[in-house]
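A structural walkthrough
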Amino acid sequence: MSEVKIPEGYKQTEVGVIPEDWEVTTIGSFAPLQRGFDLPTTKVEAGYYPVVYSNGIVRNHKTFQVRGAGVVTGRSGTIGKVHYIENDFWPHNTTLWVTSFGNAHVKFVYYLFRYIGFERFKSGSGVPTLNRNDAHSFKITVPTNIKEQTAIATALSDVDNLIQSLEKLIAKKKAIKTGTMQQLLTGKTRLPEFATRKDGSLKGFKQTELGMIPEDWDVISLGTVSNFINGRAYSIHEWENIGIPVIRLQNLTGRGETYYYSNLKLPEKQYCENGDLLFMWSATFGPVIWKGPKAIYHYHIWKVECNSGYNQTYLFHLLSDMTEKLKQGSSSGGTMLHITKQKMESIKAAFPSEKEQTAIATIIFDMDIEIQALQDRLEKTKQIKQGMMQQLLTGKVRLVNHDDEQNTNMSAVKSNH
């Protein structure tokens with residue numbers, strides 16, 4: 001058999017091929033971990049040094065313990081999360097913290113630990129515990145040059161900063177959308193083409209049972225605007241492995257993608273198509289636009305069909321705004337809401353003309369498109385970061401001129417494949 005050719009600049013080691021100026025070591029030798037300390041609850045005070053628990057910074061303590069920056073991971077309970085702590089902190093006894101960095105860059109250790117995945121060192125039943133001996137003996141490969149560690153940490157930190165900025169921007173855009181919906185769906189703000197009369201004067205408001213609404217809007221019950229069609233309950237013997245998928249609550253909320261199927265011949269109204277408006281009315285609460293194939297919807301879901309003169313997308317956003325307010329006002333925090341079909345149909349709301357409904361729906365739809373584009377970019381950036389960690393933290397990709405602490409340009413790299 002022919003020998004495997006080692007790329008130039010790399011060497012064969014007991015753990016595989018690594019850069020020739022990297023070394024094989026262990027976590028215990030490179031960045032040793034120590035158990036945190038017990039903390040009497042009577043000494044917990046606000047405004048002092050943060051106490052780091054296994055799931056992050058929760059409380060503060062007035063006694064200084066560890067000088068930041070530092071790296072902490074969960075020892076008991078929450079296993080696998082790794083925290084980079086910028087300032088001084090007190091590591092709680094549910095954590096393990098790096099006591100010495102020696103020839104290690106702090107943030108490089110942070111990213112290395114995240115890449116390793118400390119879940120692998122979990123042991124015990126019930127409350128899991130991280131086995132420190134197993135972690136300390138685990139073999140790792142690291143660059144011996146602190147400048148290369150710094151360059152890798154900087155490159156990954158830059159991507160993290162981009163991810164954080166995208167998350168903040170998405171949150172801001174969502175808040176703007178919420179505010180815009182509240183203004184447009186109540187008529188408090190009118191789009192210019194609907195704000196004036198034929199003579200050019202501004203339209204006013206009128207008093208109704210719902211309060212002040214635009215003078216050319218009407219108060220209408222949801223039962224008049226649309227039809228709420230009940231789903232069907234199924235017995236266990238009616239489930240099939242193939243056939244028409246049956247939509248259950250978990251299929252709409254992301255809690256489960258597994259579908260049951262049915263081959264029953266049902267009235268056409270019991271089926272929904274891609275783009276139909278559905279409403280979850282029990283436990284999980286709120287409207288959803290169905291994005292899947294032709295399907296049957298379960299008992300805890302209504303299909304909502306708009307009557308002539310009413311825009312489905314507008315109704316979707318109106319229902320979203322209404323149910324969000326119901327959730328916020330619920331004593332259960334919106335987690336176990338329930339509403340009857342009769343009650344839903346009796347709810348009244350203010351509606352503009354179909355033309356204005358469509359215009360409002362278009363504005364909100366455009367905002368949704370912008371938010372979705374940002375979310376797609378965020379997801380792609382997270383995937384890129386995962387790839388960067390895998391490549392940079394194993395030495396498969398090297399930063400050019402890694403001896404130069406200032407040069408961390410990812411556009412020029414040297415790869416061994």
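Residues numbered from 1 in each chain as written. Predicted model: local features only at pLDDT ≥ 70, side-chain atom pairs only at ≥ 80, totals over all residues. Heavy atoms only, no water.

Formed by 45 residues in total, the largest nonpolar core has its most connected members in Phe30, Val71, Val109, Phe113 and Phe118. Only helix 1 (27–30), strand 10 (95–98), helix 2 (106–116), strand 13 (139–143), helix 4 (146–184), helix 9 (354–392) and strand 26 (397–399) provide two or more residues apiece to this core. Element by element, the count of residues in this core is highest for helix 4, at nine residues. Non-local contacts of phenylalanine 30, meaning those with residues more than four positions away in its chain, are made with Thr25, Ser100, Phe101, Asn103, Ala104, Phe108, Val109, Leu112, Ile140, Val142 and Gln149. Leu185, Trp217, Ile339 and Ile364 belong to the second-largest nonpolar core, a separate cluster that totals 36 residues. (Core = buried A, V, L, I, M, F, W, Y, C linked by side-chain atoms within 4.5 Å. Buried < 20%, exposed > 50% of the residue type's maximum accessible area, 1.4 Å probe, protein only. Helix = DSSP H or I, 4+ residues; strand = E, 2+ residues; numbered from the N terminus. Contact = heavy atoms within 4.5 Å.)

On to the layout of surface pockets. Approximately 1,000 Å³ is the volume found for the largest pocket. For the lining of the largest pocket, the secondary structure elements donating two or more residues are helix 4, helix 6 (249–253), strand 21 (277–289), helix 7 (312–328) and helix 9. Sort the elements by how many residues they give to the lining of the largest pocket and helix 7 lands first, with eleven residues. (1 Å grid on protein atoms, 1.4 Å probe; cavity = no way out; pocket = protein on both sides within 12 Å on 5 of 7 lines; lining within 4 Å. Points joined across faces, edges and corners; volume = space filled by probe spheres on them.)

Take the packing of aromatic side chains next. Taken as a whole and assessed by the stated rule, the structure comprises 17 aromatic pairs. Taking the centre distance of 5.8 Å and the plane angle of 55° together, the rings of tyrosine 84 and tyrosine 110 count as tilted. Of the two residues, tyrosine 84 is situated in strand 8 (residues 82–85) and tyrosine 110 in helix 2; the sequence distance between them amounts to 26 residues. The class of tyrosine 84 is partly exposed, set by a relative accessible area of 24%. Plain terms: the ring middles of phenylalanine 279 and tryptophan 302 are 5.8 Å apart, the flat faces sit at 20° to each other, and that makes the pair stacked. One end of the pair, phenylalanine 279, is in strand 21; the other, tryptophan 302, is in strand 23 (residues 301–306), with 23 residues separating them in the sequence. Tryptophan 302 gets classed as buried once you look at its relative accessible area, which sits at 1%. For the cation-ring pair, arginine 232 lies above tyrosine 234, with the distance from its terminal atom to the ring centre recorded as 4.8 Å. Geometry around tyrosine 271 places lysine 294 over its ring, the cationic atom sitting 4.7 Å from the centre. (Phe/Tyr/Trp six-rings, centres within 6.5 Å; stacked < 30°, edge-to-face > 60°. Lys NZ or Arg CZ within 6 Å of the ring centre and 35° of its normal.)

So, on to unusual backbone geometry. Look at the link from glycine 68 to alanine 69: it is a cis peptide, with omega at 0°. Looking at where alanine 69 falls in the secondary structure, it is placed in the loop between strand 6 (56–61) and strand 7 (70–74).

The next thing to look at is the sheet that holds strand 8. The antiparallel open sheet is built from four strands, whose spatial order is 4-10-7-8. Strands with a single pairing partner mark the edges of an open sheet, and in this sheet they are strand 4 (33–35) and strand 8. In this sheet, adjacent strand axes meet at a mean angle of 30° when their direction is disregarded. (Pairing = 2+ DSSP bridges. Axes fitted to C-alpha atoms, helices over the stretch in contact; angles between N-to-C directions.)

If you walk across this open sheet you meet the four strands as 19-18-22-20, and the pairing is mixed. Of all the strands in the sheet, just strand 19 (260–262) and strand 20 (271–272) have a single pairing partner and so form its edges. Where strand 18 (residues 244–247) meets strand 22 (residues 295–297), two bridges bridge the pair, whose relative direction is parallel. In the strand pairing of strand 22, isoleucine 247 is matched with tyrosine 297.

Attention shifts here to the packing of helix 2 against helix 9. It is the contact of helix 2 with helix 9, at a shortest axis distance of 10 Å, that shows an interaxial angle of 100°. Here helix 9 runs roughly perpendicular to helix 2, going by the angle between their axes. Taking contact as the criterion, the partners of Tyr111, Arg114 and Tyr115 in helix 2 are, on helix 9, Lys385, Met389 and Gln390. When its residues are assigned to classes, the contact of helix 2 with helix 9 shows three nonpolar, one polar and two charged. (Parallel < 35°, antiparallel > 145°, perpendicular 65-115°, else oblique. Nonpolar A, V, L, I, M, F, W, Y, C, P; charged D, E, K, R; others polar.)

Right, let's get into the confidence of the model for the chain. For the chain, mean pLDDT is 87; residues scoring 70 or higher make up 88% of the total. Looking over the chain, one finds the lowest element-wise mean pLDDT in strand 27 (residues 413–415), namely 37, and the highest in strand 16 (residues 218–221), namely 97. Counted against residues more than four places away or in other chains, residues 402–417, with its pLDDT under 50, gives 30 contacts. (pLDDT = per-residue confidence, 0-100.)

Our focus in this paragraph is helix 4. If you check helix 4, its first and last C-alpha atoms are 56 Å apart, about what 39 residues at 1.5 Å a residue would give, namely 57 Å. Here helix 4 starts with a cap whose side-chain oxygen sits 2.8 Å from the backbone nitrogen of lysine 147, and that cap is asparagine 145. (Expected span 1.5 Å × (residues − 1). Polar contact = N/O pair within 3.5 Å; in protein donor to acceptor, adjacent residues only side chain to side chain.)

Each pair of packed helices can be described by the angle between their axes along with the distance between the axes. Remark: helix 2 packs on helix 4, axes separated minimally by 8 Å, with the N-to-C direction vectors making an angle of 70°. As far as their axial angle goes, helix 4 and helix 2 are roughly perpendicular. Pair helix 2 / helix 4 crosses with left-handed handedness. Taken together, the residues of helix 4 that come into contact with helix 2 (itself represented by Lys107, Phe108, Tyr111 and Arg114) are Gln149, Ile152, Ala153, Leu156, Ser157 and Asp160. (Left-handed = near helix turned anticlockwise from the far one by under 90°.)

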